[in-house]
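Observations on chain architecture
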Amino acid sequence: MEASGIFMTATAEFADALAAMRPMLLKIARLQLRNDTWAEDAVSETTIAALEGAAHFAGQSQVRTWVVGILKHKIIDHFRKSGREISSDAQQEAEEVETFDQLYRADGHKADEPQDWGDPETTLSRTQFFEILQTCIDKLPATLGRIFMMREWLEYETDQICKELGISSTNCFVMLFRARMRLRECLELNWFSSGKAQSAQ
Amino acid sequence: MNSRWVRITCREAHVLLSERMDRPLPAWRRLRLRLHLAFCDMCTRVNRQMSVLREGMRSLGR
């Protein structure tokens, strides 16, 4: 059987595909774990698990989804084992609060008017959008980036997050709010306002 | 009804939009948010943008 587009794990072809995915997996792991060693370990474990798991796939995107799923679980396991290691840098947090407040005027209105982002379907089909999204997440202050990814990518419930990170529920919501508004600004600045949204048709 | 008790600022609306992504809002807050969105195009945009952000995250890595 040699129909193209059918991947079977435990073949040389699959091993090559995994190798090609490595940079992306590393990027995701680094974003989450904020530590190169942990990230490399997680990706190595993911690679091994993927090579060991024999399966048929109808195409590359299915393979990718499956492998990323393995990585997600490795990351969740890491969080469970290591508890709350992100130290809250008081200085960094103070800066974050200050810069965040500049997004709004004193009367509670937004400082800049939000743009129209156009058709979501078109946006989400652009690979460039995801690159910029990843960059924007990377730019977030460490604590905000982490909580955002736990909520939106690992899809933890907020009470799970509060428990894992040992923070109050109020704090949780405040941090998610800040993370989302900052991401909104960053996306608008870099994707939607730069003309990329329109030109990438 | 004194409108001071009902009207919220855009920043407060954004806080509620964000909270709503994590849990259902209590009735009073839900009402205030709905009223604000009815009259504020900018916050209506931000609301849509939050959906795009969430959808984008669901697709990340696929």
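From a predicted model like this one, the values you see are computed outputs, not experimental measurements.

1. Section: the overall build of chain A
Across its full length, chain A carries 10 helices and two strands. Sequence-ordered secondary structure for chain A, helices as α and strands as β, is β-α-α-β-α-α-α-α-α-α-α-α. Excluding contacts between residues fewer than 6 apart, the proportion of contacts in chain A whose partners are at least 24 apart in sequence is 69%.

2. Description of the domain arrangement of chain A
Residue and element names in this part refer to chain A. If you check the domain split of chain A, you get domain 1 (7-82) and domain 2 (90-199). Each partner contributes to the interface: domain 1 provides eight residues, whereas domain 2 provides nine residues. Mapped by element, the contributors of at least two residues to the side of domain 1 that touches domain 2 are helix 1 (12-33) and helix 3 (60-82). When residues of the side of domain 1 that touches domain 2 are assigned to their parent elements, the largest contribution, four residues, is made by helix 3. The residue inventory of the side of domain 1 that touches domain 2, partitioned by class, reads four nonpolar, one polar and three charged.

3. Digging into helix 1 (residues 10-20) of chain B
For helix 1 of chain B, the complete set of buried residues consists of Ala-13, His-14, Leu-16, Leu-17 and Ser-18 of chain B. The elements touched by buried residues of helix 1 of chain B are helix 9 (169-192) of chain A together with helix 2 (27-39) and helix 3 (41-59) of chain B.

4. Concerning helix 7 (residues 142-152) of chain A
Note that an α-helix has 3.6 residues per turn; residues three or four places apart therefore point the same way. The element helix 7 of chain A is extensively covered by neighbouring structure, given that 10 of its 11 residues are classed as buried. Turning to helix 7 of chain A, its buried residues number three or more, namely Thr-143, Leu-144, Gly-145, Arg-146, Ile-147, Phe-148, Met-149, Met-150, Arg-151 and Glu-152 of chain A.

5. Digging into the nonpolar core
Residue and element names in this part refer to chain A. Of all hydrophobic cores here, the largest spans 40 residues; its most connected members are Ala-29, Leu-71, Ile-137, Ile-147, Phe-148 and Ala-179. When residues in this core are grouped by element, the largest group, 10 residues, is from helix 9. Both of domain 1 (7-82) and domain 2 (90-199) provide at least three residues apiece to this core. Excluding its chain neighbours within four sequence positions, the residues that come into contact with Phe-148 are Ile-137, Leu-140, Leu-176 and Ala-179.

About the thresholds
- Residues numbered from 1 in each chain as written.
- Chains lettered and ligands numbered in written order.
- Predicted model: local features only at pLDDT ≥ 70, side-chain atom pairs only at ≥ 80, totals over all residues.
- Helix = DSSP H or I, 4+ residues; strand = E, 2+ residues; numbered from the N terminus.
- Contact = placed C-beta atoms within 7 Å.
- Domains from an automatic or database assignment.
- Nonpolar A, V, L, I, M, F, W, Y, C, P; charged D, E, K, R; others polar.
- Buried ≥ 20, exposed ≤ 12 C-beta atoms within 10 Å, placed from the backbone.
- Core = buried A, V, L, I, M, F, W, Y, C linked by C-beta atoms within 7 Å.

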